[in-house]
Amino acid sequence: MRIRFTKMQGAGNDFVVLDETAGPLNLAPEQYRWLADRHFGVGADQILSVRPAPSADVDFEYVIHNADGAEVEHCGNGARAFVRYVRERGLTTKRSVRVRIRRGVIELTEQADGSVTVDMGAPVFDLPAIPFDAAGRQPVPFGPWRVWPLDLEPNRPPTPASQAPAAIVDVAVLSMGNPHAVTLVQDVDAAPVLVQGPLIERHPAFPERVNAGFMQVVDRGRVRLRVYERGAGETLACGTGACAAVVAGIRLGLLDARVEVQARGGRLAVEWAGGATDPVRMTGPAETVFEGRIDVPDLPPDNP
């Protein structure tokens, strides 16, 4: 099957965008994974599908698949690419659009300078809703909030050559429409993202896996951030991860209400007033890289 696609990026977080407003492509998980493959497909952190509005109160449906082929709840950087795409393709003339995602509705606004602001909705702290399994775990107070110690090597057998205790990492947990675990580090460049990231992502405390953020606080208005994304690995930027990190930093008493987030791929601005129902707003770039057509092969289905 030959399909048209657009390659886009936001702060280095890159996407393949598919227009399904005229009809569904009905791609299988293994085909999304193939498109995201940087050797055999187009290459992307996520595949974004633009679909018709499922109800009168929204303009479009926004569907996200990670590089592993799994559908996920949200992608903040992808949301910025989404609104640039629908405007550039003439699918809407509105500067602000409302889109349905897997867990709710978000509003996206293209600014006069070409940057995009996303109303990400309010953060979620209810543990079952994140979801986070707190059974048998005790939080540790940190400033006005708390962190949760995670044993990253719970099944490591003791050996005479290694008497060191298992790795314990303190994480702040919340959802920005998808689950996040944020840990504080002294130097984000030296943080063991590629070692601890996959261990946090698949930790049994997170039944739907989790995005693992590693945040260095520079001052009350600036942080540096790396994120090991669920189903994608480390990416150059993560919009929901930036929002989760800032919200965690504010709740821990470390940050002010407006924060500049320096990711490896660029800068994002995140604002949150601090109330339980206050929305998080993120502003950053989104650009089209190229467009093309590609033949998507029929692939054997994933094993159940």
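Up top is the structure.
A.B. asks: Kindly report on the overall build of the chain, identifying the contributing residues and their values.
C.D. replies: Within the chain one finds 4 helices and 19 strands. Taking 19 Å as the expected radius of gyration for a compact globule of 304 residues, we find that the chain reaches 19 Å, a close match to that expectation. Judged by the C-alpha coordinates and their principal axes, the chain covers about 60 × 45 × 35 Å. For the chain, the proportion of its 304 residues judged to be buried stands at 50%. Across the chain, every contact between residues at least 6 apart in sequence was considered, and the portion connecting residues at least 24 apart equals 61%. Carbon and sulfur atoms make up 50% of the accessible area of the chain, which totals about 13400 Å². If you average the places of the 32 positive and of the 38 negative side-chain charges in the chain, the two averages end up 2 Å apart.

A.B. asks: Break down the pairing of strand S3 (residues 46-52) for me, with residues and values.
C.D. replies: Burial analysis of S3 places 5 of its 7 residues in the buried class, which makes it a mostly covered element. Relative to S3, strand S2 (residues 13-19) is paired through 5 bridges, and the arrangement is parallel. When the bridges of S3 are listed, valine 17 appears paired with leucine 48. The parallel pair S2 and S3, bridged by helix H1 (residues 29-36), forms a crossover whose chirality is right-handed. The pairing of S3 with strand S4 (residues 60-66) spans 7 bridges and is classified as antiparallel. Bridging across to S4, isoleucine 47 finds its partner in histidine 65.

A.B. asks: Summarise H1; cite the residues concerned and give the values.
C.D. replies: Burial runs high along H1: 6 of the 8 residues are buried. Within H1, the full set of buried residues consists of Glu30, Gln31, Tyr32, Trp34, Leu35 and Ala36. Those residues of H1 that are buried are in contact with strand S1 (2-10), S2, S3, S4 and strand S19 (287-295).

A.B. asks: Run through the pairing of strand S8 (residues 116-119), naming residues and quoting values.
C.D. replies: Successive side chains on a regular strand alternate, one facing one side of the sheet and the next facing the other. Strand direction decides the pairing type here: strand S7 (residues 104-110) and S8, joined by 4 bridges, are antiparallel. Its bridge partner lying in S8, glutamate 110 is registered against valine 116. A loop of 5 residues connects S7 with S8, the two strands running antiparallel in sequence, and glycine 114 in this loop sits at a positive phi of about 95°.

A.B. asks: I'd love a proper account of the packing of aromatic side chains, names of residues and values included.
C.D. replies: Summed over all chains, the structure comprises 7 aromatic pairs. Centroid distance phenylalanine 125 to tryptophan 145: 5.6 Å. Interplanar angle 80°. Geometry classified as edge-to-face. Here the residue phenylalanine 125 occupies a position in the loop between S8 and strand S9 (140-142), and tryptophan 145 occupies one in strand S10 (residues 145-151), the gap between them amounting to 20 residues. Given a relative accessible area of 19%, phenylalanine 125 falls into the buried group. Measuring from centroid to centroid gives 5.2 Å for phenylalanine 132 and phenylalanine 206, while their planes differ by 55°, and the two rings are tilted. One end of the pair, phenylalanine 132, is in the loop between S8 and S9; the other, phenylalanine 206, is in the loop between helix H3 (193-201) and strand S13 (211-219), and 74 residues separate them in sequence. Every member of this aromatic cluster is reached through a ring pair, and the members are Phe60, Tyr62 and Phe82. In this arrangement the basic side chain of arginine 251 is found over the ring face of phenylalanine 125, its NZ or CZ atom lying 4.2 Å from the centre.

Criteria and cut-off values
Per-chain numbering applies: the sequence of each chain, read as written, is numbered from 1 onward. In view of the model being predicted, local features appear only for residues whose pLDDT reaches at least 70, and side-chain atom pairs are presented and counted only at 80 or more, with totals across whole chains, interfaces and linings using the full set of residues. Side-chain measures were taken over the full set of non-hydrogen atoms in the model, leaving aside hydrogen atoms and water. Strands are runs of DSSP state E lasting at least two residues, helices are runs of H or I lasting at least four, and both sets are numbered from the N terminus onward. Values of the radius of gyration come from C-alpha atoms, whereas the globule rule sets the reference at 2.2 Å times the count of residues to the power 0.38. Residue exposure (1.4 Å probe, protein chains only): buried if accessible area is under 20% of the type maximum, exposed if over 50%, otherwise partly exposed. Contact between two residues is taken to exist if any of their heavy atoms lie within 4.5 Å; hydrogens are not considered. Note on areas: these come from Shrake-Rupley sampling with a 1.4 Å probe, and a residue is covered only by the protein chains present in the view. All tallies of charge rest on Lys and Arg as positive and Asp and Glu as negative; His and the ends of each chain are not included. Charge coordinates come from a single atom per side chain, which is NZ of Lys, CZ of Arg, CG of Asp or CD of Glu. Pairing between strands is defined by DSSP: at least two bridges between the two strands are required. Crossover handedness is defined by viewing with both strands directed away from the observer: a clockwise path from the first strand over the helix to the second marks the crossover as right-handed. Pairs were defined over the aromatic rings of Phe, Tyr and Trp, the Trp ring being its six-membered one, requiring ring centres within 6.5 Å. Orientation was assigned from the angle between planes: stacked under 30 degrees, edge-to-face over 60, tilted for the rest. Two conditions define a charge sitting above a ring: the NZ of Lys or the CZ of Arg must be within 6 Å of the ring centre, and it must be within 35 degrees of the ring normal.

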